[in-house]
Structures are given as C-alpha cells and as structure tokens.
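Results of the structural survey
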Amino acid sequence: MSISDRSRKAMEDLGMTGYEIRVYTSLLEVGAITAADISKRSGVPYSKIYEVLNSLEDKGWLESDSSRPQKFFPKSPSTALEAMRMRSESNFRESQSVIVNELMPIYTKSGIKEKPEIWVVRGVYNIAAKVSEIVESCQQELLIALPSIAQEVAKPMQPVLRVLHERGVRINVLASEDTSTDIVRALSRVAEVRLKIGMFGGGVIGDSKHVMLLLGEGMIENGTIDPIAIWADHAALAGFAKDYFHYLWADAKTQKKANSSSR
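This write-up is about the structure you can find in this document.

Cut-offs and rules
- Residues numbered from 1 in each chain as written.
- Predicted model: local features only at pLDDT ≥ 70, side-chain atom pairs only at ≥ 80, totals over all residues.
- Heavy atoms only, no water.
- Phe/Tyr/Trp six-rings, centres within 6.5 Å; stacked < 30°, edge-to-face > 60°.
- Helix = DSSP H or I, 4+ residues; strand = E, 2+ residues; numbered from the N terminus.
- Buried < 20%, exposed > 50% of the residue type's maximum accessible area, 1.4 Å probe, protein only.
- Salt bridge = Lys/Arg side-chain N within 4 Å of Asp/Glu carboxyl O.
- Pairing = 2+ DSSP bridges.
- Contact = heavy atoms within 4.5 Å.
- Axes fitted to C-alpha atoms, helices over the stretch in contact; angles between N-to-C directions.

With that settled, consider the packing of aromatic side chains. Inspection of every chain in the model, using the stated rule, returns five aromatic pairs. A ring pair is formed by Tyr50 and Phe72, whose centres lie 6.5 Å apart and whose planes are at 65°; its orientation type is edge-to-face. Of this pair, Tyr50 sits in helix 4 (residues 46-59) while Phe72 is found in strand 3 (residues 71-74), placing the two residues 22 residues apart along the sequence. For Tyr50, a relative accessible area of 39% translates into the label partly exposed. On the basis of relative accessibility, which here comes to 2%, the residue Phe72 falls in the buried class. Ring geometry for Phe245 versus Trp249: centroids 5.6 Å apart, planes at 20°, classification stacked. Within this pair, Phe245 and its partner Trp249 are both found in helix 9 (residues 235-250), separated by four residues, close to a single helical turn. The buried category is assigned to Phe245, whose relative accessible area is 4%. Under the relative-accessibility criterion, Trp249 is labelled buried at 8%. An aromatic cluster of three or more residues is present, and its members are Tyr46, Tyr50 and Phe72.

Next comes the structure, spelled out in structure tokens:
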C-alpha cells in the first residue's frame, strides 16, 4: 500500500520504523493474514517479521489471534494513536515524578538561582553599553524616551540610529521640551521626534521585548552618586513600558522632520 510522504513522516515522528510502517499499511489493505503473507506483501524479510510484528503489537497498532498459523490484523489508526497518546502521557508523568523527586532536592541544596528576568544596571558606562546593545540589535521598532539629563547620550547614538533608519527600522524619540535645538534637528533626520513638557523619566524599548528604564540616581558604597536603571528581556514588561510611552507620545508636540540631505 502506497501512502503519502506526509503520512509516512508523521508516523516516523511518532517513533515508527520503516519496517513497521510497511507492515502496518500492508495489514490495512487485507486485514488478518499470517506472518509469512505479511512478509511477502510488505517486503520485510521473514527473519525480521516477528520482531516487527511484536513491536507493533506492543505499541498498540495491531492484534493477533490464537489460530494456527497465527494471524495478525490491524487496529484502526485512531484507536492506535489514542493508545499511544495515553501511554506517552503516563510515561511522562512517571518520569516527571522520578526526576523531580530526585533532582529538585539537589538543585535546591546547591543554592543555584534561575536567571532573573529583570536586572539592575548601575553606572553611566554600564547603562550606555546595555542601551547600545538594545539599539544595535533592533530590527523593527525602537522607542526612545530622552529626558533632559540624558540628552548628551543622543550624540554618540547618531551613527547607529542612522544605520537603523536606513535599514527600515521605525524610530520614535520622545524628548524633553528643553532639549537643545541641534540635538532635536539631528534626531529628526532619522526618527520621528516629539517634545514633552516635564520629561523626567527615560528609557529605550527595542522590538517590544527589550527594555531599559532609567530609575534615577543612587548612592553606592563609597558615597558616589551613580545612575541606576533596570534592564529586562521580558515581553510583558516591555509591553507595559510601550503602552506608557504611547500615552505620553499622544500628548507631545510633533516636530517637523529635518531634511536628511542636510546632514
């Protein structure tokens, strides 16, 4: 019996061998027949036929009777698949129980912690490095909230933003209203820029999944004041930040886009 490549692949994905597929599909055509006849019809060597038949019976794809010579007949595909599913789920639950009971105490005792979804980033250089990483990896959309205290970081970002712009990445920059005219003009060549009164927070959101939010400044052990930010590779947090960005964006002043040829 000839079956489609798609069906054959599906059966292989369930763990059936080539011989098992040939035997089962041969049985589907004729019903109950002997091992010798199955070998002839399927092309599976007689020396292998009982091994294949026993395997298929164990997996729930066929049954046999007590006649002499013994005959084998197929179960319906739906019945065989349901039996396979139930057996697989049962095996998974048993394995899960054994693994969790034995390995979880070892994991807990070791003190290992899973990778956090949110990181605290301290210091100008560390924050700048992480912002650059988010910006450079962006493929579709980049949202930047630029408070006045952070406007100087816009200058070194210009070359990267230009590359993203030429690559077709959509860039929106929400800047403080007191941002310098030169910076606004430069940003507007590669992004849509809007100005907002009273911008005190800032951050970067890349492709709705990577987010860096400036929290302000904090004192470290030696008494030095350093900026603090949080970074997350967390789609839900990025989604909340993006919603808030658009809330501020809708109420901000639109800036006329600068002529890109005047760079």
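This next bit is on the pattern of salt bridges. This model, assessed by the stated rule, comprises eleven salt bridges. Of the charged contacts, one joins Asp182 and Arg185 as a salt bridge, the two residues approaching to 3.1 Å between their closest N and O atoms. With Asp182 and Arg185 both in helix 8 (residues 181-188), this residue pair falls three residues apart, about one helical turn. On the accessibility criterion, Asp182 (55% relative accessible area) is exposed. With its nearest N and O atoms 2.8 Å apart, the salt bridge here joins Asp251 to Lys196. Of the two residues, Asp251 is situated in the loop between helix 9 and strand 11 (253-254) and Lys196 in strand 7 (residues 192-196); the sequence distance between them amounts to 55 residues.

In this section: the pairing of strand 8 (residues 202-206). Where burial is concerned, most of strand 8 is hidden: five out of the five residues are buried. Across four bridges, strand 5 (residues 141-146) lies against strand 8 in antiparallel orientation. Each residue of the ladder has a partner; that of Ala145, found in strand 8, is Gly203.

Taking strand neighbours across the sheet as the criterion, the three strands line up as 1-3-2 in an open arrangement whose pairing is antiparallel. The sheet is open, and its two borders are formed by strand 1 (33-34) and strand 2 (62-64), each paired with just one other strand. Here strand 2 pairs with strand 3 via three bridges, running antiparallel. Within strand 3, the residue paired with Ser64 across the bridge is Phe72. Of the strands in this sheet, strand 1, strand 2 and strand 3 touch helix 2 (residues 18-30), which is tilted by about 90° from strand 3.

Let us look at the environment of Trp119. Along the chain, Trp119 turns up in strand 4 (residues 118-122). Exposure remark for Trp119: the relative accessible area of 37% places this residue in the partly exposed category. Residues Trp119 and Asp233, spaced 114 residues apart in sequence, show a C-alpha to C-alpha distance of 9.1 Å. Ignoring sequence-local partners within four residues, the contact set of Trp119 consists of Ala229, Ile230 and Trp231.

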